[in-house]
Amino acid sequence: MSKVLGKVYTENDADLKYVKDKNIAVLGYGSQGRAWVLNLLDSGLNVKLGLEREGNSWKKAQEDGVKPMKTEDALKGADIVIFLVPDMVQRKIYAEKVKPVLKPGMDLVFAHGFNIHYKLIQPPENVDVYMAAPKAPGPSVREFFVKGGGVPVLVGVNQDYSGQALQKALAIAKGLGATKAGVLETTFKEETETDLMGEQLDLVGGLTAMLRATFHTIVDLGYRPEMAYFEAINEMKLITDQIYEKGLSGMLRAVSDTAKYGGLTVGTYVINDDVKKRMKEKAERIKSGKFADEWIEEYDEGSKNLASLMDDLDNSLEEQVGRELREIVLRGQPKK
Ligand SMILES: NC(=O)c1ccc[n+]([C@@H]2O[C@H](COP(=O)([O-])OP(=O)(O)OC[C@H]3O[C@@H](n4cnc5c(N)ncnc54)[C@H](O)[C@@H]3O)[C@@H](O)[C@H]2O)c1
Ligand SMILES: CC(C)(O)[C@@H](O)C(=O)O
Ligand SMILES: [Mg+2]
Ligand SMILES: [Mg+2]
């Protein structure tokens, strides 16, 4: 019995029978879509992949042995519609393709609560709305499944018209392999806001900024960029692997006492109360919905700022050095 966690659902708490005879339309074949389609098919579920056009995702699906079809065709006779197109695209696909064919008793399923929580999609009352949100990047959702496991998934129910929404969310999570690890229950609000906070403050935003700042601090003091890359960026994976397996104190016990002392004293000097105040400011911005407004406006205006930030990163010294060093580093990776 857990001392801290709420209920954790595992293999025996979920039954595929709740979705086994349903027609499932998965929309999108990107990072999550590919993993979901392949895992759910391998779990014996009745999945059709719907795409808007015959582009890269279409080709990739064919290469994987999956038969893609137009969104409209995948939605024909669908009982369950899973939205795995980008968050900013979901409202358009919902309005133009899903809403016109939505029937009472159908299910709308999400991998992240954004569109429902921020009311970009407002479904009628006579459908189920639930989520299975993987707490991992798409490629890991597939890789863990192929190796016989699964990544943790959060399930949440926003509308339970059928009275079986939670069982169906758990069944989808099981089909993804998640009950091999553990499935926790959440709400759309909690998942959406915490997911955004995690990816902005640390996983994606804070981490990238910290790695780049450390890299440039070392380079600006006259050291070679390749030394800076190894220290500031490349080794991060190995340190986070230790955290993943053994926790923060386990990682600290795996490094030298010199690193422990220096790290514990300097880390909190750099990431100080002022930084935490700024983190709180941005977390509040997510809670208030202001971040969502900003991102929707940016997307609607063509995502120009996003493209320019990605260009800057691609052309940065750290990425140039990284592209060359990764060839050396990846050669030494243990074979899978
Ligand atoms: N990427 C992740 O690892 C991850 C993790 C957890 C949850 N999620 C959630 O999963 C959902 C899907 O995200 P993703 O990152 O897998 O998406 P993605 O960007 O990797 O995939 C996009 C798919 O949608 C298609 N697409 C892109 N633009 C389109 C457009 N304008 N019109 C029609 N189709 C379009 C692409 O062809 C592709 O098939 C989101 O709700 C996201 O928040 C993603
Ligand atoms: C993989 C992440 C960052 O956890 C996910 O939340 C995403 O939006 O891609
Ligand atoms: Mg996210
Ligand atoms: Mg996430």
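Everything numeric in this text was worked out from a predicted model, so none of it was measured.

Thresholds applied
- Residues numbered from 1 in each chain as written.
- Chains lettered and ligands numbered in written order.
- Predicted model: local features only at pLDDT ≥ 70, side-chain atom pairs only at ≥ 80, totals over all residues.
- Heavy atoms only, no water.
- Donors = N, O, S within 2.8 Å, 3.2 Å for Na, K, Ca; no water.
- Helix = DSSP H or I, 4+ residues; strand = E, 2+ residues; numbered from the N terminus.
- UniProt positions renumbered as here; feature names shortened; annotations may be inferred.
- Near = heavy atom within 4 Å.
- Polar contact = N/O pair within 3.5 Å; in protein donor to acceptor, adjacent residues only side chain to side chain.
- Areas by Shrake-Rupley, 256 points an atom, 1.4 Å probe, with all protein chains shown as cover.
- Nonpolar A, V, L, I, M, F, W, Y, C, P; charged D, E, K, R; others polar.
- Phe/Tyr/Trp six-rings, centres within 6.5 Å; stacked < 30°, edge-to-face > 60°.
- Buried < 20%, exposed > 50% of the residue type's maximum accessible area, 1.4 Å probe, protein only.
- Patch = residues over 30% accessible without salt bridge, like charges linked within 9 Å, V, L, I, M, F, W, Y side chains within 5 Å.
- Salt bridge = Lys/Arg side-chain N within 4 Å of Asp/Glu carboxyl O.
- Domains from an automatic or database assignment.
- Contact = heavy atoms within 4.5 Å.
- Buried area = accessible area lost by both parts, 1.4 Å probe.
- Axes fitted to C-alpha atoms, helices over the stretch in contact; angles between N-to-C directions.
- Left-handed = near helix turned anticlockwise from the far one by under 90°.
- Expected span 1.5 Å × (residues − 1).
- Bend = angle between axes of the 7 residues up to and from the residue.

I would appreciate a short explanation of the coordination of the magnesium ion (ligand 3) in the present structure.
In an ideal tetrahedron of four donors about a metal, each angle is 109.5 degrees. In an ideal octahedron of six donors, the angles are 90 or 180 degrees. For the magnesium ion (ligand 3), every protein donor is listed as Asp 195 (OD) and Glu 199 (OE), and the spread of their distances is 2.0 to 2.1 Å. Separation of the magnesium ion (ligand 3) from the magnesium ion (ligand 4) amounts to 3.7 Å, with Asp 195 serving as a shared donor to the pair. Note that Asp 195 and Glu 199 are positioned in helix α10 (residues 188-203) at a spacing of 4 residues, about one turn of the helix.

Looking at this model, I keep getting lost on the UniProt feature "domain: KARI C-terminal knotted" (unreviewed entry) in the protein. Mind explaining?
According to UniProt, the positions carrying the feature "domain: KARI C-terminal knotted" (unreviewed entry) are residues 187-332. Helix and strand shares over residues 187-332 are 88% and 0% respectively, and the end C-alpha atoms of the span are 43 Å apart.

What exactly am I supposed to notice about the site of ligand 2 here?
Neighbouring residues of ligand 2: Pro 137, Asp 195, Glu 199 and Val 204. Between Asp 195 and ligand 2, the recorded distance is 2.9 Å, taken from a side-chain N or O atom to an oxygen atom. In the model, an oxygen atom of ligand 2 is placed 2.8 Å from a nitrogen or oxygen of the Glu 199 side chain. Considering ligand 2 on its own, with 270 Å² of exposed area, one finds that the protein chains cover 59% of that surface. Grouping the amino acids of the shell around ligand 2 by side-chain chemistry returns 2 nonpolar, no polar and 2 charged.

Help me understand the packing of aromatic side chains, please; the structure alone is not making it clear to me.
Given two aromatic rings, one states the distance between the centres and the angle between the planes to describe the pair. For the coordinates displayed, the defined rule picks out 5 aromatic pairs. When the centroid spacing of 6.4 Å and the interplanar angle of 80 degrees are considered together, the rings of Phe 110 and Phe 188 count as edge-to-face. With Phe 110 in strand β6 (residues 107-110) and Phe 188 in helix α10, this pair connects stretches of sequence that are 78 residues apart. Taken as a pair, Phe 110 and Phe 188 share a single burial class, namely buried. Counting every residue linked through ring pairs, the aromatic cluster contains Phe 83, Tyr 94, Phe 110 and Phe 188.

Just to check I follow, could you spell out a nonpolar patch on the surface for this structure?
Together, Met 210, Val 266, Tyr 269, Val 270 and Ile 271 line one region of the surface with nonpolar side chains, adding up to about 500 Å² of accessible area. In terms of residue count, helix α14 (residues 257-270) provides more of the nonpolar patch than any other element does, 3 residues in total. Looking at where Val 266 falls in the secondary structure, it is placed in helix α14.

Help me out: how do you make sense of the pattern of salt bridges in this one?
Between side chains of opposite charge, a pair can form as their charged atoms come close. Summed over all chains, the structure comprises 22 salt bridges. Residues Arg 91 and Asp 300 are paired through a salt bridge, measuring 3.3 Å at the closest nitrogen-oxygen approach. Note that Arg 91 is positioned in helix α5 (residues 87-98) and Asp 300 in helix α16 (residues 290-300), a separation of 209 residues in sequence. Between Lys 135 and Glu 191 there is a salt bridge; the shortest N-O distance is 3.6 Å. Highlighted residues: Lys 135 in the loop between β7 (128-134) and α7 (138-146) and Glu 191 in helix α10, separated in sequence by 56 residues. In this structure, a network of salt bridges that share partners links the residues Arg 34, Lys 60 and Asp 64.

What is the right way to read the domain arrangement of the protein from this model?
It is common to give the size of an interface as the accessible area lost on bringing the parts into contact. We note that the domain assignment places domain 1 (8-185) and domain 2 (196-331) within the protein. Here domain 1 and domain 2 have C-alpha centroids that lie 30 Å from each other. At the interface, 8 residues of domain 1 touch 10 residues of domain 2. Buried surface at the junction of domain 1 and domain 2, summed over both partners, amounts to about 760 Å²; 71% is from carbon and sulfur atoms. When the buried surface of domain 1 facing domain 2 is broken down by residue, Met 88, Phe 114 and Tyr 118 rank first, second and third, together holding 61% of it. Counting every contact that joins domain 1 to domain 2 gives 1 salt bridge. Connecting domain 1 to domain 2 are 2 residue pairs in polar contact (both at pLDDT 80 or more). Looking at which element gives the most residues to the side of domain 1 that touches domain 2, the answer is α5, with 3 residues. Of the residues that constitute the side of domain 1 that touches domain 2, the class distribution is 6 nonpolar, 1 polar and 1 charged.

How do you make sense of the packing of α10 against helix α15 (residues 273-288) when you look at a structure like this?
Axis angle and axis distance: for two packed helices, these are the angle between their axes and the distance between the axes, and together they describe the pair. At a minimum axis separation of 10 Å, α10 and α15 run at an interaxial angle of 145 degrees. Relative to α15, α10 is oriented so that their crossing is right-handed. Between α10 and α15, the residues in contact are Glu 193, Leu 196, Met 197, Gln 200 and Leu 201 and Met 279, Lys 282, Ala 283, Ile 286 and Lys 287, respectively. Residue classes in the contact of α10 with α15 are distributed as 6 nonpolar, 1 polar and 3 charged.

Quick question: what am I supposed to make of α14 here?
Helical periodicity: at 3.6 residues per turn, an α-helix aligns residues three or four positions apart in one direction. When the terminal C-alpha atoms of α14 are compared, their 20 Å separation across 14 residues agrees well with the 20 Å that a helix rising 1.5 Å per residue should span. Maximal helix bending in α14 amounts to about 25 degrees, located at Gly 263. Counting buried residues along α14, only 0 of its 14 residues qualify, which leaves the element largely exposed.

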